[in-house]
Amino acid sequence: MPGLVVFGSQWGDEGKGRFVDYLAGQADMVIRYQGGNNAGHTVYANGQEFKLRTIPSGIISEGKPCVIGNGVVIDPASLLKEIEYVEAKGVSAANLHISDRAHVIMPYHKVLDALSEARLGDAKIGTTGNGIGPCYADKTSRCGFRMCDLLEEDRFSKKLKVVLEGKNELITKIYGGKPLSYDEILNDYLEYGRKLKDRIEDTSLLIYDYVKQNKKILFEGAQGMLLDLDYGTYPFVTSSHPTAGGVACGVGVGPQVVTDVLGVVKSYTTRVGEGPFVTELFDEIGDAIRNKGHEFGTVTGRPRRCGWLDLVILRFAVRVSGITAFALSRMDTLGGFDTVKVCVGYEYKGKMIDNYPASLEMLSKMKPVYKEMQGWRDDISEIRNFEDLPQGAQEYVKLIEEETGIPVAMIGVGPGREQCVMRKTMF
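Described below are features of the structure shown in this document. (Residues numbered from 1 in each chain as written. Predicted model: local features only at pLDDT ≥ 70, side-chain atom pairs only at ≥ 80, totals over all residues. Heavy atoms only, no water.)

### Remarks on the overall build of the protein chain
For the protein chain, the count of helices and strands is 12 helices and 20 strands. Taking 2.2 N^0.38 as the reference for a compact globule, 427 residues should give roughly 22 Å; the C-alpha atoms of the protein chain span a radius of gyration of 22 Å, in line with that estimate. Seen through its principal axes, the protein chain has C-alpha atoms that stretch 65 × 50 × 35 Å. Residues counted as buried form 57% of the 427 residues belonging to the protein chain. (Helix = DSSP H or I, 4+ residues; strand = E, 2+ residues; numbered from the N terminus. Rg over C-alpha atoms; globule rule 2.2 N^0.38 Å. Buried < 20%, exposed > 50% of the residue type's maximum accessible area, 1.4 Å probe, protein only.)

### Describing the pairing of strand β16 (residues 339–348)
Taking burial as the measure, the 10 residues of β16 include 7 buried ones, the bulk of the element. Judged from the 2 bridges that link them, strand β14 (residues 309–310) and β16 form a sheet pairing that is parallel. When the sheet's bridge partners are listed, D310 is paired in β16 with C343. One ladder, built from 8 bridges, connects β16 with strand β18 (residues 367–374); its direction is antiparallel. Bridge pairing in β18 links C343 to Y370. With antiparallel pairing between neighbouring strands as the criterion, β16 and strand β17 (residues 351–353) make up a hairpin whose turn holds 2 residues, including K349 at a positive phi of roughly 50°. (Pairing = 2+ DSSP bridges.)

### Observations concerning the pairing of strand β10 (residues 217–224)
Burial within β10 is extensive, with 8 of its 8 residues counted as buried. With 5 bridges connecting them, strand β1 (residues 3–8) and β10 associate as parallel partners. Across the sheet, G8 pairs through a bridge with G224, a residue of β10. In this sheet, β10 lies alongside strand β2 (residues 29–32) in parallel orientation, the contact comprising 4 bridges. Of the residues in β10, the one forming a bridge with V30 is L218.

### Things to note about the packing of helix α5 (residues 153–174) against helix α6 (residues 182–196)
Helix packing geometry: the angle between the two helix axes and the distance between the axes. Closest axis-to-axis distance for the α5/α6 pair is 11 Å, and the angle between their directions is 145°. Handedness of the crossing formed by α5 with α6: right-handed. The residues of α6 that touch α5, namely those facing E153, F156, S157, L160, K161 and L164, are Y182, I185, L186, Y189 and L190. Per-class residue counts for the contact of α5 with α6 are 8 nonpolar, 1 polar and 2 charged. (Axes fitted to C-alpha atoms, helices over the stretch in contact; angles between N-to-C directions. Left-handed = near helix turned anticlockwise from the far one by under 90°. Contact = heavy atoms within 4.5 Å. Nonpolar A, V, L, I, M, F, W, Y, C, P; charged D, E, K, R; others polar.)

### So, the packing of aromatic side chains
In this structure the tally under the stated criterion is 7 aromatic pairs. One aromatic cluster is present, built from ring pairs that chain together Y231, F316, Y346 and Y356. A cation over an aromatic ring shows up here: K89 above the ring of F50, its NZ or CZ 5.4 Å from the ring centre. A cation over an aromatic ring shows up here: K161 above the ring of Y182, its NZ or CZ 4.0 Å from the ring centre. (Phe/Tyr/Trp six-rings, centres within 6.5 Å; stacked < 30°, edge-to-face > 60°. Lys NZ or Arg CZ within 6 Å of the ring centre and 35° of its normal.)

### Here's the deal with the sheet that holds strand β15 (residues 325–329)
On the basis of which strands lie adjacent, the open sheet formed by 10 strands has the order β9-β7-β5-β2-β10-β1-β11-β15-β19-β20 and mixed pairing. In this open sheet, the two edge strands, each paired with only one partner strand, are β9 (200–201) and β20 (420–422). Where strand β7 (residues 96–99) and β9 come together, 2 bridges link them in parallel fashion. Looking at β9, one finds that S99 is bridged to E201.

### As for the pattern of salt bridges
Across all of its chains, the model carries 20 salt bridges by this definition. The salt bridge partner of E295 is K266, with a shortest N-O separation of 3.0 Å. You can see E295 sitting in the loop between α9 (284–292) and β13 (305–307) and its partner K266 sitting in strand β11 (residues 260–266), a full 29 residues away along the chain. Take E295: its relative accessible area is 0%, and that puts it in the buried class. Of the charged contacts, one joins E295 and R304 as a salt bridge, the two residues approaching to 2.7 Å between their closest N and O atoms. You'll find E295 and R304 in the same group, each marked buried. Salt bridges sharing common partners tie together D13, K266, E295, R304 and R330. (Salt bridge = Lys/Arg side-chain N within 4 Å of Asp/Glu carboxyl O.)

### Side note on the environment of I289
Summarising the element assignment, I289 is placed in helix α9. The residues contacting I289, other than those within four sequence positions of it, are Y268, L281, E295, C306, W308, T333, L334 and F337.

### A word on unusual backbone geometry
As a rule of thumb, non-glycine residues mostly have phi less than zero, and peptide bonds are mostly trans rather than cis. In this chain, Y234 is followed by P235 through a cis amide linkage whose omega measures 10°. Tracing the sequence through the fold places P235 in the loop between β10 and α8 (247–251). Notably, N214 is not glycine yet its phi reads approximately 60°, a positive angle. Within the secondary structure, N214 is located in the loop between α7 (203–212) and β10. You can call N214 partly exposed: its relative accessible area is 47%. One non-glycine residue, H294, lies in the positive phi region at around 50°.

### A look at the state of the cysteines
Within this structure, the stated rule accounts for 0 disulfides. Cysteine C66 remains unbridged, with the sulfur of C420 as its closest cysteine sulfur at 19 Å. C143 provides the cysteine sulfur closest to C135, a residue in no disulfide bond, and the two sulfurs are 9.7 Å apart. Look at C135 and you get buried, because its relative accessible area is 1%. (Disulfide = S-S within 2.5 Å.)

Listed below in structure tokens is the structure:
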């Protein structure tokens, strides 16, 4: 069974949505396996721009099941607005399925997210404020709510009373905030359950049925490798596992369903939030990349920190997530520079380092070792064959392949669905 994972190989915002949208046309099912509405996927298709947060990007390729897996945390109000949003753009959400085991983001999760960040001050994580971390924390603490709970009024109402009492004590006595209303939350969330009940099911059964039929399944990750809870720049990470290893637990199937892993890589590096960033640029080149690439968060609108491509990160992603091919995005953004740089290693205390360390203290002292390369012309948006790319762009791609040992299968030369150079078939 062809099972393809598409995930981010850097800090997220690599352009996963556009590649998922492209590949969804060849898949039989598209599944989101982790994260929440803190992830923003922007897709340009059918002459329109789509900004998605929880719904899989494959929804735009209508007529096939799109699944929100149990590894995702769901804000029901946000999801309902997103369903209305895509349908208002002429896209049907009739084939959207929601795992009954997916955890629910509650109002107190968002309140506690904001209060915790404010209390941390300069040591803040840099969250989106959407309650993702507190929701995953409750999941681990075994006091969370799942989508199936919204369909059981008596059980939900009793459990909410107990849980909310504890959360309100935390909000008021520790953080000095205002308590939340039990009746308001109860009524709102039972109504969300009524509106979503026809979509809520044991999606692992649906997925397993497709596995048995040898269907082509596309697994869509959110965020990126360096935001992984275990392998990211902890604590400046998300609360789930964006790597390919998160698929099995996040959708309820065995790991053998993953046959290929497509790591999406931006042709430079960006990140949102706090934490060390070895190749970050603080000059006019960094500003030029940010402005030309429209590097502002889909969810938050925050300007993204920009820097040169870091191959130490990519080698790390290859090792940890079993990447079998890369999809390179935003090659068009780097067009127009006389020269471009690629980080091929780090210098630390006079020694060359080619592994990405866990210690943030070490990372903050790493110096990038660059290889400077010839740039390429500004406009490559109409190119569809690798051989037609400017020499500088071709050499750039070849360097990535040589340094990582992984082929670059897809190259984005513009935001549109069709603006892609295909070098390898993924399905």
